[in-house]
Amino acid sequence: MVRGVRGTGKWCGALLLAGALAGGLSGCGPGVPPVPGGAPSSASTPAVPSPTTDPGTPTAEPQPGEVLVEVVVNGGLAGVRNRLVVHYDGSWTSRSGTRPPRTGRQTPAEAAELRAALEDPAFALVPDRPTGKPIPDGFQYYVTYRHRLVVADDHTRPPALDRVFAALPEGGPPTSP
């Protein structure tokens, strides 16, 4: 235990320890009585900025290069594995098989439509996994938005997911080989 001035040792020791753990000062010392209630006074505690947002939550103003949504398509008769990444600014990249990637940019209205479809409360209710029987040689869709993965197939595509697909660049998920 840290000892202070005789008679204030317990309080100052506790305040010094609490202040050191909190990164502040206690104000204890010769001739300084402990603060009532055991808390350091605000005048002796330096101002420490506190974070306003959790790093895991999206900020109000995403960066232009930040990914808005990623769609991966697997399956079909040709056995495709294609990937589409759309950024908040509307820029996108699509990769299909071994072909060179295609890039483009949605208009501001198209990008706003895609964001609205993704932020629609109905999209939040889309099941994370398909609920029906898969279609042989059908496609599977893996949609990642704000750290949530939704897996769907051709058999089970709720209207909210169809709305997201309709707002994607090039008219929907990349299904061509």
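Residues numbered from 1 in each chain as written. Predicted model: local features only at pLDDT ≥ 70, side-chain atom pairs only at ≥ 80, totals over all residues. Heavy atoms only, no water.

With that out of the way, let us pick up the nonpolar core. In a soluble, globular protein the nonpolar side chains are often hidden away together inside. By size, the foremost hydrophobic cluster in this structure holds 26 residues, and its most contacted members are Val-69, Leu-114, Leu-118, Phe-123, Val-143 and Leu-168. Among the elements of the structure, strand E1 (67-75), strand E2 (80-87), helix H2 (108-119), strand E5 (139-145), strand E6 (148-153) and helix H4 (159-167) are those that each provide at least two residues to this core. Broken down by element, this core gets its largest block of residues, five residues, from H4. Not counting residues within four places of it along the chain, the set of residues in contact with Val-143 comprises Val-69, Glu-70, Val-71, Phe-123, Arg-148, Leu-149, Val-150, Leu-161 and Phe-165. (Core = buried A, V, L, I, M, F, W, Y, C linked by side-chain atoms within 4.5 Å. Buried < 20%, exposed > 50% of the residue type's maximum accessible area, 1.4 Å probe, protein only. Helix = DSSP H or I, 4+ residues; strand = E, 2+ residues; numbered from the N terminus. Contact = heavy atoms within 4.5 Å.)

In this section: the packing of aromatic side chains. For any pair of aromatic rings, the description rests on two quantities: the centre-to-centre distance and the angle between the ring planes. According to the stated counting rule, one finds three aromatic pairs in the structure shown. Relative to Tyr-141, the ring of Phe-139 lies with its centre 6.3 Å away and its plane at 45 degrees, an arrangement referred to as tilted. Take Phe-139 and Tyr-141: they sit in the same class, and that class is buried. Judged by centre distance (5.1 Å) and plane angle (55 degrees), the rings of Tyr-141 and Phe-165 are tilted. With Tyr-141 in strand E5 and Phe-165 in helix H4, the pair connects residues that are 24 residues apart, well separated along the chain. Through successive ring pairs, a cluster of aromatic residues spans Phe-139, Tyr-141 and Phe-165. A cation over an aromatic ring shows up here: Arg-148 above the ring of Phe-123, its NZ or CZ 5.8 Å from the ring centre. (Phe/Tyr/Trp six-rings, centres within 6.5 Å; stacked < 30°, edge-to-face > 60°. Lys NZ or Arg CZ within 6 Å of the ring centre and 35° of its normal.)

A few words on the environment of Gly-65. Here Gly-65 lies in the loop between helix H1 (9-22) and E1. Taking relative accessible area as the criterion, Gly-65 reaches 54% and is therefore assigned exposed.

Topologically, Val-143 is positioned in strand E5. Under the relative-accessibility criterion, Val-143 is labelled buried at 1%. As a C-alpha pair, Val-143 and Leu-84 span 59 residues in sequence and 9.6 Å in three-dimensional space.

Predicted confidence across the protein gives a mean pLDDT of 73, with 64% of residues reaching 70 or more. Across the protein, element-level confidence peaks in H2 with a mean pLDDT of 95 and bottoms out in H1 with 41. With pLDDT under 50 throughout, residues 1-57 is counted as low confidence; its partners more than four residues away or in other chains account for 40 contacts. (pLDDT = per-residue confidence, 0-100.)

A regular strand places its side chains on the two faces of the sheet in alternate fashion. Counting buried positions along E2 gives six out of eight residues, so the element sits mostly inside the fold. Where E1 and E2 come together, eight bridges link them in antiparallel fashion. When the sheet's bridge partners are listed, Gly-75 is paired in E2 with Val-80. Hairpin connection of E1 to E2: four residues between the antiparallel strands, including Gly-76 at a positive phi of 80 degrees. Of the pairings in the sheet, the one linking E2 to strand E3 (residues 91-96) comprises five bridges and is antiparallel in character. By the bridge assignment for E3, Asn-82 is matched with Ser-96. Hairpin connection of E2 to E3: three residues between the antiparallel strands, including Gly-90 at a positive phi of 95 degrees. (Pairing = 2+ DSSP bridges.)

Here four bridges tie E3 to strand E4 (residues 102-105), and the two strands are oriented antiparallel to one another. Across the sheet, Ser-94 pairs through a bridge with Arg-102, a residue of E4.

Here the structure, examined in full by the defined rule, presents eight salt bridges. Its salt-bridge partner being Asp-128, residue Arg-148 comes within 2.9 Å of it at the nearest N-O pair. Separated by 20 residues along the polypeptide, Arg-148 in strand E6 and Asp-128 in the loop between helix H3 (121-124) and E5 bring together distant segments of the chain. Its relative accessible area of 23% is what places Arg-148 among the partly exposed residues. One salt bridge in this structure joins Arg-157 and Asp-162, with 2.9 Å as the shortest N-O distance. (Salt bridge = Lys/Arg side-chain N within 4 Å of Asp/Glu carboxyl O.)

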